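Observations on chain architecture
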Amino acid sequence: MSKSKESAVQTLEDQLRRLQEIASLLDAGDLPLEEQLRLYEEGITLANTCRDYLTSAELRIQNLAGGNVSSAT
Amino acid sequence: MEEAVSVSDLTKAIRLLLEEGIGDVVVEGEITNYKHHSSGHRYFTLKDEDASIQCVMWKSRNINFIPEDGMRVLIFGRLSVYPPQGRYQIDCTTMRPFGLGDLHVALEQLKKKLLALGWFDEARKRPLPTLPMRIGVITSPTGAALHDIISTIRRRLPVVEIVFRPALVQGDGSAEDIAKAIAEVNRVGADVLIVGRGGGSIEDLWSFNTEIVAEAIVMSDIPVVSAVGHETDWTIADGVADRRAATPTAAAEMVTPFTTESLLQTIAHHEALMLQRMSTRVARVQEIVTEFRDGTTARRLTERVHLRAQRVDELTSRMARGAVQHVAMLRRQVEHVAALCATLHPLAPLRRGYAIVERNGHILSTTDKLIQGESVQVRRHNEIATVTVNTREDTRANLNE
């Protein structure tokens, strides 16, 4: 388990929350064009990041007793 | 005159008579004057309506319930005499509650105690996290429960990590091991914790009916889902856990309320919404840009924008119907629209030779008018110029405002 993956794990929920926030902001409208563009780009990037993460991740199993649990899977 | 005998000799004779003559006994009666001495030995009287008899149960004899005054029990033991007090008594080896099994009695007793402590109170229980990233699992490494939990989580939300602590789930030392495992997972850290095992007899499930396991669950900083046995098996662990699942599979479902599928659907929904709002805005900016050019190009671009906006509308309403099987296809379509949208970025026309007029860094909109003599910036694809407006005149009515 790499460090970067760990931090991605911790922020998936935050990223999804931010994505929802951006979608609501854009939906409400009334933003200056520059701000809207910036949010839009951030939102699309977030959506792609979350989707990639969700679809690429394999279930990981940490066995506190050591060894693997292949017999059970 | 008959020959006198000593008290000791007489007692010895009585003792021989009783211990050899009666010996092993099984007696049914009601406990009274029960005393659990600090030495660990237990002293009590067994009685019925007409008689009573002293009983002793040494510390070394194990019983798994707590005898109480008034309890009807079956005593297994041996009749013996205690010479110093000239008393006969039963040396008990085992004791069973009369009627009910001893485990049932112990369960009822512990239930009563924990109820008084408030450990079953719903108000004490914590909500489970909605998107756990580390799921603790404590169960037997060889049982079906582990397999059910892992395969369910893998199917629903494979992005998570399972922190597995194998534990003894029945037999000697299992309660202690489960309690230790709960503390261990708390040290390592997890967002939620499943503790359980498959079905079995009351003896098999016994470790989940112990105070030590109940206490470990109550002390856990991590919310605990219990999954012990089948629907019909209720254990103390189920009572004190934050949530009770009927089966290990149900526990795995409970800790993953959101699945990969549902999350992807939500993301696609947000994406479609953002695209729709952005395209509407882009269309407005597009109108500004086309003010400077001939109507043919403008009309074609506008048509493309409208076409795309309509497709986004379609996508949005189809998603609203929540057709799960369409998610993958919708995603491809949304990505296609995203690519289209990128080509309609307001600055994209600059690559094709268009220019944008800005005043103090803000794009002039359709309704903004140039002022004779002012300085404005003309932004082209790879250059920007500050120009002075020599002359200006209205060329057509502003239809938009």
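Residues numbered from 1 in each chain as written. Chains lettered and ligands numbered in written order. Predicted model: local features only at pLDDT ≥ 70, side-chain atom pairs only at ≥ 80, totals over all residues. Heavy atoms only, no water.

**Remarks on the overall build of chain B**
Secondary structure summary: chain B contains 10 helices and 14 strands in total. Summarising the internal contacts of chain B: among those between residues at least 6 apart in sequence, 62% fall at separations of at least 24. Within the structure as shown, chain B displays about 21,500 Å² of accessible surface, and the carbon and sulfur contribution to it stands at 52%. (Helix = DSSP H or I, 4+ residues; strand = E, 2+ residues; numbered from the N terminus. Contact = heavy atoms within 4.5 Å. Areas by Shrake-Rupley, 256 points an atom, 1.4 Å probe, with all protein chains shown as cover.)

**Considerations on the interface of chain A and chain B**
The partner chain B presents 44 residues to the 40 residues of chain A that form the contact. Interface area for chain A against chain B, summed over the two sides, is near 3,800 Å², with a carbon-plus-sulfur share of 67%. Looking only at chain A, the three residues that lose the most surface to chain B are A:Arg51, A:Leu59 and A:Leu64, adding up to 19% of its buried area. Linking chain A to chain B there are two salt bridges. At the junction of chain A with chain B, the criterion picks out 10 residue pairs in polar contact (both at pLDDT 80 or more). Looking at the side of chain A that touches chain B, the elements with two or more residues in it are helix H1 (3-28), helix H2 (33-56) and strand S1 (60-63) of chain A. At 15 residues, the largest contribution of residues to the side of chain A that touches chain B is made by H2(A). Grouping the constituent residues of the side of chain A that touches chain B by class yields 25 nonpolar, eight polar and seven charged. (Buried area = accessible area lost by both parts, 1.4 Å probe. Salt bridge = Lys/Arg side-chain N within 4 Å of Asp/Glu carboxyl O. Polar contact = N/O pair within 3.5 Å; in protein donor to acceptor, adjacent residues only side chain to side chain. Nonpolar A, V, L, I, M, F, W, Y, C, P; charged D, E, K, R; others polar.)

**Regarding the sheet that holds strand S13 (residues 375-379) of chain B**
Read from one edge of the open sheet, four strands run S12-S11-S13-S14 (chain B), paired in antiparallel fashion. Two strands close off the open sheet at either side, each with one partner strand: strand S12 (362-363) and strand S14 (384-388) of chain B. (Pairing = 2+ DSSP bridges.)

**Some points on unusual backbone geometry**
All names here are of chain B. Positive phi values are uncommon outside glycine, yet asparagine 33 reaches one of about 55°. Residue position: asparagine 33 is located in strand S1 (residues 24-36). What makes asparagine 33 partly exposed here is its relative accessible area of 46%. (Buried < 20%, exposed > 50% of the residue type's maximum accessible area, 1.4 Å probe, protein only.)

**Quick notes on the pattern of salt bridges**
Any two side chains of opposite charge can pair if their charged atoms end up close together. Residues and elements named next belong to chain A. Going through the model one piece at a time under the given rule, you end up with 26 salt bridges over all chains. Here glutamate 42 ties to arginine 38 by a salt bridge, and the two come within 3.7 Å at their closest N and O atoms. Here the residue glutamate 42 and the residue arginine 38 both occupy positions in helix H2, the gap between them amounting to four residues, near one helical turn. On the basis of relative accessible area, glutamate 42 is assigned to the partly exposed category, the value being 25%. A relative accessible area of 43% places arginine 38 in the partly exposed class. Through salt bridges that share partners, Arg18, Glu21, Glu35, Arg38 and Glu42 make up one connected network.

**Overview of the nonpolar core**
The tendency in soluble globular proteins is for nonpolar side chains to be buried as a group. The biggest cluster of nonpolar side chains holds 52 residues, and the ones touching the most others in it are B:Phe44 and B:Met95. When sequence neighbours within four positions are dropped, the list of residues in contact with B:Met95 reads B:Ile31, B:Phe44, B:Met57, B:Ile63, B:Phe65, B:Pro67, B:Val73, B:Leu74 and B:Ile75. If you look at the next biggest cluster of nonpolar residues, it comprises 51 residues, including A:Ile22, B:Leu157, B:Ile194 and B:Val255. (Core = buried A, V, L, I, M, F, W, Y, C linked by side-chain atoms within 4.5 Å.)

**Thoughts on the packing of helix H4 (residues 174-188) of chain B against helix H5 (residues 211-219) of chain B**
Residue and element names in this part refer to chain B. One way to put it is that H4 packs onto H5 with a least axis distance of 8 Å and a crossing angle of 10°. In terms of orientation, H4 and H5 fall into the roughly parallel class. Contacts between H4 and H5 involve Ala175, Glu176, Ile178, Ala179 and Ile182 from the former and Ile212, Val213, Ala216 and Ile217 from the latter. In terms of residue class, the contact of H4 with H5 is built from eight nonpolar, no polar and one charged. (Axes fitted to C-alpha atoms, helices over the stretch in contact; angles between N-to-C directions. Parallel < 35°, antiparallel > 145°, perpendicular 65-115°, else oblique.)

**What to know about the side chain of B:Thr210**
Residues and elements named next belong to chain B. Of note, threonine 210 is situated in the loop between strand S8 (192-197) and H5. By relative accessible area, which is 14% here, threonine 210 ends up buried. Setting aside residues up to four positions removed in sequence, threonine 210 forms contacts with Leu110, Ala175 and Ile236.

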